[in-house]
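A closer look at the structure
Now for the letters of each chain:
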Amino acid sequence: MNVKQPSELTDQQLLNEVDSIKTSGKTHALFIGVMFGIIIFSIWKNTIGLFTLIPLFLIYKLLDKSKRKQALELELKARNLS
């Protein structure tokens, strides 16, 4: 998938992108919490391995999306849209 940089988006596309990220924030927080629970359970059962590494990778990917949100919000402020 080709993801455009925030500076390449039109004003309407930028606003739509920010809205879609804001609505998915609570869902991402829930998934991160569940994955941390899986990691804690895995450590408690002394089974550190693939069962622990997969949630860590997924947490990283979800947190990477929050960096995109910050970049979009900076672009909104630069264009005086918020």
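In what follows, the structure referred to is the one given above.
This section reports on the structure supplied with the text.

Calculation criteria
Residues numbered from 1 in each chain as written. Predicted model: local features only at pLDDT ≥ 70, side-chain atom pairs only at ≥ 80, totals over all residues. Heavy atoms only, no water. Helix = DSSP H or I, 4+ residues; strand = E, 2+ residues; numbered from the N terminus. Buried < 20%, exposed > 50% of the residue type's maximum accessible area, 1.4 Å probe, protein only. Contact = heavy atoms within 4.5 Å. Core = buried A, V, L, I, M, F, W, Y, C linked by side-chain atoms within 4.5 Å. Salt bridge = Lys/Arg side-chain N within 4 Å of Asp/Glu carboxyl O. Axes fitted to C-alpha atoms, helices over the stretch in contact; angles between N-to-C directions. Parallel < 35°, antiparallel > 145°, perpendicular 65-115°, else oblique. Left-handed = near helix turned anticlockwise from the far one by under 90°. Nonpolar A, V, L, I, M, F, W, Y, C, P; charged D, E, K, R; others polar. Patch = residues over 30% accessible without salt bridge, like charges linked within 9 Å, V, L, I, M, F, W, Y side chains within 5 Å. Areas by Shrake-Rupley, 256 points an atom, 1.4 Å probe, with all protein chains shown as cover. Expected span 1.5 Å × (residues − 1).

Description of the side chain of His 28
With respect to the helices and strands, the residue His 28 is situated in helix α1 (residues 11-44). Taking the relative accessible area as the measure of exposure, His 28 reaches 19% and is therefore buried. Ignoring anything within four residues of it in the chain, the contact list for His 28 reads Leu 62 and Lys 65.

Observations regarding the nonpolar core
Counting residues in each nonpolar core, the largest one holds six residues, listed as Leu 9, Leu 14, Val 18, Ile 21, Leu 72 and Leu 76. When residues of this core are traced back to their parent elements, those giving at least two are α1 and α2 (50-79). Looking at this core, the element that brings in the most residues is α1, giving three residues. The residues contacting Leu 72, other than those within four sequence positions of it, are Pro 6, Leu 9, Leu 14, Glu 17, Val 18 and Ile 21.

Let's talk about the pattern of salt bridges
Under the criterion given, the structure shown has four salt bridges. In this structure, the salt-bridge partner of Glu 17 is Arg 68, at a minimum N-O distance of 3.9 Å. A residue pair is termed long-range when its members are at least 10 positions apart, and Glu 17 in helix α1 and Arg 68 in helix α2 qualify at 51 residues. Since its relative accessible area comes to 26%, Glu 17 is described here as partly exposed.

Topic: the packing of α1 against α2
Packed helix pairs are characterised by how far apart their axes lie and by the angle those axes make with each other. Relative orientation of the contacting elements α1 and α2 amounts to 155°, with a least axis distance of 9 Å. Classed by the angle they form, the pair α1 and α2 counts as roughly antiparallel. Crossing of α1 against α2: the hand is left-handed. Tallied by class, the residues present in the contact of α1 with α2 amount to 20 nonpolar, three polar and nine charged.

A short note on a nonpolar patch on the surface
A cluster of nonpolar side chains, contributed by Leu 50, Leu 53, Ile 54, Leu 56, Phe 57, Leu 58 and Tyr 60, occupies part of the molecular surface with about 720 Å² of accessible area. Its location among the elements puts Leu 53 in helix α2.

Regarding α2
Given a rise of 1.5 Å per residue, 30 residues ought to cover 44 Å, and the 44 Å separating the end C-alpha atoms of α2 matches this to within 8%. Taken as a whole, α2 has its buried residues at Thr 52, Pro 55, Ile 59, Leu 62, Leu 72, Glu 75 and Leu 76. Where α2 is buried, its residues meet α1. Of the residues flanking the end of α2, it is Asn 80, one or two places downstream, whose phi is positive at about 60°.

These figures come from the coordinates and say nothing about function on their own.
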